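A look at the structure
If you want the building blocks of each chain, they are given just below.
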Amino acid sequence: MHKILVANRGEIALRVMRTAKAMGISTVAVYSEVDRNAPHVRFADEAVLLGPAPSSESYLVMDKVIEAALSTGADGIHPGYGFLSENSAFANKVTAAGITFIGPGQRAIETMGSKLAAKEAVKAYDIPMVPGIDEAITDPDKAKVIAQDIGYPILIKASAGGGGKGMRVVDSADVLEEQMQRAISEAESAFGDGSVFIEKYIASPRHIEIQVLADRHGNVVHLFERECSIQRRHQKVVEEAPSAVLTPELRERMGDAAIKVAQSCDYEGAGTVEFLLDENNNFYFLEMNTRLQVEHPVTELITDVDLVAEQIKVARGEKLSFTQDDLNIKGHAVELRIYAEDPLNDFLPSIGNLETYIRPQGEGVRLDDGYDEGMDIPIYYDPMIAKLVTYADTRPAAIQKMKKAIADYKIVGLQTTLPFGKFVMENEHFIKGKFDTHFVKNYYSPEALLEGQKAEEILAAEIALKYYQEQKSKLSVPTEGSDEWLQSRI
Ligand code: ADP
């Protein structure tokens, strides 16, 4: 592979290109009209305009992306995450055009792209699954019988779901039918597939996922877990590795289960197997994501493995250069996703201009971002500005570094999740590692955030006052003719 086109934008396009360059591989960026001056375009060796800003007219147009690769002579396409990364038709088209798709094969993408097909595929492998049904359901009466069997609360989920969309918690039989209809129409409009199914709603789960790597020669390893329980709208905001609660024995069992999931679909490349872990340390398979995950840096930091480099090597047909026994966890990493969202207003998008943008720096601080000062955050795409990741020997030290990095990170012009990140890092439950996916609901409120800020302002004012009082005598001007005055004249 000599030249890779990255079919993506923002931080992930830059992150992939960095590794490609380090491996001596040329890079091609694609961009929409609104991204003309984006850092990923400037960083690449070559860049091709795809079309207008909406992704349906640019980043999602398969033929345009493939044409860009052919016209620049790229022999590999890396899809990043989102956009076309889990689209098996795209992977096929890329391969048919004689270009290497840096990702798994069609079967793996298709199987794992449907939550129901995924459950079906892993059945034979003895993987624990959330109690529920493993087929699409449309009949409300049948749903009531099943829900009764499983026991309320239950969760209605879209088979084609992603990004936390198409999920509905149902507490009792009398609202089941109505919620089911809503879920079906939501799934139809969001994913073009109205298949929904029912799962037991696990009361206090943690979201623990396992990173896997597989080559074409039958080798599959896992690179331990990522803890992703701090979520809003079923979507992750803070991640860390390793998890504060996994024992080596549980880690091994979950790792083995993840390897089996990868084997069930002949997986190739980097993938993530997601599980829920309940209060009694039972874990259940949720789904597999057949791409590089947003939160992959925390794994890279604790294992010292460059996941993008491994993806490229596997796509080139190389064998994994390490075995499970070669892999060890070293230190601790924490990631905060910096979204252009207002934590004081229900995490709604806060699109605008990065009037001031000062990056934190220092040892153990990794910032994967895709914007520069003065740039607008476009409304057309995911509102993530950056991923701030810190690494240290221990969890408390990594948290401490994150606090400092958040304080050093200056963003003016729009609201971001930075203050929320600070809130999390200072929260006693997070510090103790005692939390689940309901962290935001249980502990967070805009008032709590404001209170923290107010307490800090008061503390700052008190320190300033004390300093002023201490300095006051030194600052007073000596009266004319006094000894002090005479001294100062000499
Ligand atoms: P998506 O593909 O939309 O991301 P997932 O199945 O990965 O959906 O679930 C996203 C999040 O939703 C999980 O991390 C968890 O917080 C919550 N969730 C999913 N299934 C369940 C369940 N059965 N019980 C409780 N929470 C769940």
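Residues numbered from 1 in each chain as written. Predicted model: local features only at pLDDT ≥ 70, side-chain atom pairs only at ≥ 80, totals over all residues. Heavy atoms only, no water.

1. Considerations on the site of the ligand
For clarity, the threshold we go by: The criterion for a residue being near a molecule or strand is simple. One of its heavy atoms has to lie within 4 Å of it. The term polar contact refers here to a pair of N or O atoms within 3.5 Å; inside protein, the definition further demands a hydrogen-donor-capable atom paired with an acceptor-capable atom, and it admits residues adjacent in sequence only when both atoms are side-chain atoms. In this description, accessible areas are obtained by the Shrake-Rupley approach with a 1.4 Å probe, and a residue is regarded as covered only by the protein chains that are shown. Think of it this way: any DSSP run of H or I at least four residues long counts as a helix, any run of E at least two long counts as a strand, and we number them from the N terminus. Residue polarity follows a fixed list, in which Ala, Val, Leu, Ile, Met, Phe, Trp, Tyr, Cys and Pro are nonpolar, Asp, Glu, Lys and Arg are charged, and the others, Gly among them, are polar. Just so you know, the domain bounds were taken from an automatic or database domain assignment.
Within the structure, the ligand sits among 23 residues, and Lys115, Gly164, Glu199, His207 and Gln231 are positioned closest to it. At 3.3 Å from an oxygen atom of the ligand is found a main-chain nitrogen or oxygen belonging to Gly163. Considering the ligand on its own, with 550 Å² of exposed area, one finds that the protein chains cover 95% of that surface. At the level of elements, strand S6 (154–158), strand S8 (196–200), strand S12 (269–277) and strand S13 (283–289) are the ones that each hand at least two residues to the shell around the ligand. Split by residue class, the shell around the ligand holds eight nonpolar, eight polar and seven charged. Shared between two domains, the shell around the ligand holds at least three residues of each, these being domain 2 (131–200) and domain 3 (206–447).

2. Regarding the pattern of salt bridges
How we decide: Here a salt bridge means any side-chain nitrogen of Lys or Arg lying within 4 Å of a carboxyl oxygen belonging to Asp or Glu. Only protein chains enter the calculation, and the probe is 1.4 Å; a residue is then buried if its accessible area is under 20% of its type maximum, exposed if over 50%, and partly exposed in between.
Applying the stated criterion to the full structure yields 41 salt bridges. Across the salt bridge formed by Lys236 and Glu274, the nearest N and O atoms sit 2.9 Å from each other. Pair noted here: Lys236 is in strand S11 (residues 235–241) and Glu274 is in strand S12, with a separation of 38 residues, a long-range link. By relative accessible area, Lys236 is classed as buried at 12%. Given the relative accessible area of 5%, Glu274 is considered buried. Arg253 is the salt-bridge partner of Glu249, the closest N and O atoms lying 2.8 Å from each other. A residue pair is termed a helical-turn pair when its members lie 3 or 4 positions apart in one helix, as Glu249 and Arg253 do in helix H9 (residues 248–264) at four residues. One continuous salt-bridge network, built from bridges that share partners, spans Glu209, Arg226, Lys236, Glu239, Glu274, Glu295 and Arg337.

3. Describing the side chain of Arg168
Basically, it comes down to this: Any two residues whose heavy atoms approach within 4.5 Å are treated as being in contact.
Relative to the assigned elements, Arg168 resides in strand S7 (residues 167–170). Among the polar contacts listed, one links the side chain of Arg168 to the side chain of Gln179, at a separation of 2.8 Å. Ignoring anything within four residues of it in the chain, the contact list for Arg168 reads Ile154, Leu155, Ile156, Gln179, Arg182, Ala183 and Glu186.

4. Some details on the packing of helix H12 (residues 395–408) against helix H13 (residues 418–426)
In a pair of packed helices, the angle between the axes and the distance between the axes together describe the arrangement. Selection rule: Axes here mean lines fitted to C-alpha atoms, for a helix over just the part in contact, with angles spanning 0 to 180 degrees between N-to-C directions. The labels follow the angle: roughly parallel below 35 degrees, roughly antiparallel above 145, roughly perpendicular from 65 to 115, and oblique for the rest. Handedness of a crossing follows from how the near helix is turned relative to the far one, being left-handed for an anticlockwise turn of less than a right angle and right-handed for a clockwise one.
Close contact between H12 and H13 brings their axes to 10 Å; oriented N to C, the two are set at 150°. Taken together, the axes of H12 and H13 lie roughly antiparallel to each other. Regarding H12 and H13, the two cross each other, and that crossing is left-handed. Note on element contacts: H13 touches H12 through Leu418, Gly421, Lys422, Met425 and Glu426, opposite Ile399, Met402, Lys403 and Ile406. Residues belonging to the contact of H12 with H13 are distributed by class as follows: five nonpolar, one polar and three charged.

5. Observations concerning the domain arrangement of the protein
Threshold: Accessible area, probed at 1.4 Å, shrinks when two parts are joined; the buried area is that loss added up over both.
Partitioning the protein into domains gives domain 1 (3–102), domain 2 (131–200) and domain 3 (206–447). Put simply, the middle of domain 2 and the middle of domain 3, counted by C-alpha atoms, are 28 Å apart. Contacts between the two partners involve six residues from domain 2, matched on the other side by five residues from domain 3. Around 390 Å² of area is buried between domain 2 and domain 3 when both sides are counted, 57% of it from carbon and sulfur atoms. Here domain 2 and domain 3 share zero salt bridges between them. For the interface between domain 2 and domain 3, the tally reads zero residue pairs in polar contact (both at pLDDT 80 or more). Here the residues of the side of domain 2 that touches domain 3 sort into two nonpolar, two polar and two charged.

6. Digging into the sheet that holds strand S4 (residues 76–78)
To keep things clear, this is the line we draw: One bridge is not enough; two strands pair if DSSP finds at least two bridges between them.
The strand order S3-S2-S1-S4-S5 describes an open sheet built from five strands, whose pairing is parallel. What marks the edges here is a single partner per strand, and that holds for strand S3 (46–51) and strand S5 (100–101). The pairing of strand S2 (residues 26–32) with S3 spans five bridges and is parallel. Note on S3: the bridge partner recorded for Tyr31 is Leu49. Contacting strand S1 (3–6), S2 and S4, helix H1 (residues 10–22) runs over the sheet at an angle of about 165° to S2.

7. Considerations on the side chain of Ser243
Within the secondary structure, Ser243 sits in the loop between S11 and H9. For Ser243, a relative accessible area of 6% translates into the label buried. For Ser243, the side chain forms a polar contact with the side chain of Glu227, separated by 3.1 Å. Among the polar contacts listed, one links the side chain of Ser243 to the backbone nitrogen of Val245, at a separation of 3.1 Å. The contact partners of Ser243, leaving out residues within four places of it in the chain, are Arg206, Ile208, Glu225, Glu227 and Arg251.

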